[in-house]
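# Structure at a glance
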Amino acid sequence: KGFLMCWRFEASTCFRGTRGQATVEAALLIPALLLGLVIAVQPGIVLFDRVVMEAAAAEGCRALETASAADEGEVVEYVQRRLGAVPAVSAFHEGLWNVEVQGAGQSGQCVSVRISHGYRPLPLVGQGMGLLGLVGGNGLVRQEVFCEMRIHDEWALESEFGLSYESWIDRWEEKA
């Protein structure tokens, strides 16, 4: 009985000085973890926006390759529908999408799509970006994507048949 009483006394004096230690550690660690989480989320948001914008620009270029000049408005609408995958939240996208298309129905070699928009960065990240001069006067950061594609592939241009559909069809029928 005496040994058990002695052990209880020693254990209670051993741990008496550490009673609030976990609370103090949590009070110091939780804000640092939240700051790290916010700093890690912003690049993910920007990357998501960029991936959606690049895919929409590439799809717009593919649509422009076969579109006439009168269809440019329809291609812009198509690209804007593709951009609907970006949530209408200010951290992702704020304001209107600026979509510019060029080259539809022309006999030129290239078509291009340029997409730009603004987003409002998360609060702590936005202050840091403001100090670096990355935030505009309206509090938005501009993001832009440009995609350009050749209408005709190099191998078709360099082929002995060129871009003549008739010669390609004749060649196909010879093989058949």
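Up top is the structure.
A brief structural summary. All of these numbers come straight from a predicted model, not from anything done at the bench. Just so you know, the residues in each chain are numbered from 1, in the order the chain's sequence is written. Confidence filtering applies because this is a predicted model: local features only for residues at pLDDT of at least 70, side-chain atom pairs given and counted only at 80 or more, and all residues used for totals across whole chains, interfaces and linings. Derived side-chain values reflect all non-hydrogen atoms in the structure, with water molecules and hydrogen atoms excluded from consideration.

### Points about the environment of A67
- Helix numbering and strand numbering both begin at the N terminus, where a helix is a DSSP run of H or I of at least 4 residues and a strand a DSSP run of E of at least 2. Relative to the helices and strands, A67 is located in the loop between helix 2 (21–66) and helix 3 (72–82).
- Expressed as a C-alpha distance, the spacing of A67 and G103, which sit 36 residues apart in the sequence, is 9.1 Å.

### Describing the nonpolar core
- To define a nonpolar core, start from buried Ala, Val, Leu, Ile, Met, Phe, Trp, Tyr and Cys residues and group those joined through side-chain atoms within 4.5 Å. The buried label goes to any residue with under 20% of its type's maximum accessible area, the exposed label to any with over 50%, and the partly exposed label to all in between, with areas taken from a 1.4 Å probe on protein chains only. Judged by nonpolar contacts, the single largest core of 28 residues is most densely connected at L83, V99 and I115.
- Mapped onto this core, the elements with two or more residues apiece are helix 2, helix 3, strand 1 (94–102), strand 2 (110–119) and strand 3 (141–150).
- With 8 residues, the top contributor of residues to this core is helix 2.
- Look past the residues within four positions of L83 in its chain and what remains in contact with it is V52, M53, A56, W97, V99 and I115. Here a residue-residue contact requires only that any non-hydrogen atoms of the pair lie within 4.5 Å.

### A few points about the side chain of Q42
- Position of Q42 among the secondary structure elements: in helix 2.
- Overall, the relative accessible area of 3% leaves Q42 in the buried class.
- When near neighbours in sequence (up to four residues on either side) are disregarded, Q42 contacts A91, Y119, P121, L122 and V125.

### Observations regarding the packing of aromatic side chains
- Pairing of aromatic rings covers Phe, Tyr and Trp, the last counted by its six-membered ring, and requires centre-to-centre distances within 6.5 Å; plane angles under 30 degrees mean stacked, over 60 mean edge-to-face, and any other angle means tilted. Scanning all chains against the criterion turns up 1 aromatic pair.
- Between F48 and F92 the ring centres are 6.1 Å apart and the planes differ by 90°, which places this aromatic pair in the edge-to-face class. You can see F48 sitting in helix 2 and its partner F92 sitting in the loop between helix 3 and strand 1, a full 44 residues away along the chain.

### A word on the packing of helix 2 against helix 3
- In this analysis an axis means a line fitted to C-alpha atoms, helices contributing only their contacting stretch, and an angle means the value between N-to-C directions, from 0 to 180 degrees. Taken N-terminus to C-terminus, the directions of helix 2 and helix 3 make an angle of 155°; their axes are 9 Å apart at the nearest point. The pairing of helix 2 with helix 3 is recorded here as roughly antiparallel in orientation. Regarding helix 2 and helix 3, the two cross each other, and that crossing is right-handed. Residues V52, A55, A56, E59, G60, A63 and L64 of helix 2 touch helix 3, and the partners they reach there are E72, V75, Y78, V79 and R82.
- Amino acid classes used here: Ala, Val, Leu, Ile, Met, Phe, Trp, Tyr, Cys and Pro are nonpolar; Asp, Glu, Lys and Arg are charged; the rest, including Gly, are polar. Looking at the contact of helix 2 with helix 3, its residues break down into 8 nonpolar, 1 polar and 3 charged. For classification, angles of less than 35 degrees are called roughly parallel, those exceeding 145 degrees roughly antiparallel, those between 65 and 115 degrees roughly perpendicular, and all remaining angles oblique. We call a crossing left-handed when the near helix sits turned anticlockwise from the far one by less than a right angle, and right-handed when that turn is clockwise.

### What about the pairing of strand 2?
- For strand 2, the buried fraction is high: 8 of the 10 residues fall into the buried class.
- Strands pair, by our definition, only if DSSP identifies at least two bridges between them. Judged from the 6 bridges that link them, strand 1 and strand 2 form a sheet pairing that is antiparallel. Within the sheet, the bridge partner assigned to E100 lies in strand 2 and is R114.
- Two strands pair when backbone bridges link them, and strand 2 and strand 3 are joined in this way by 10 bridges, in the antiparallel orientation. Paired with C110 across the bridge in strand 3 is R150.

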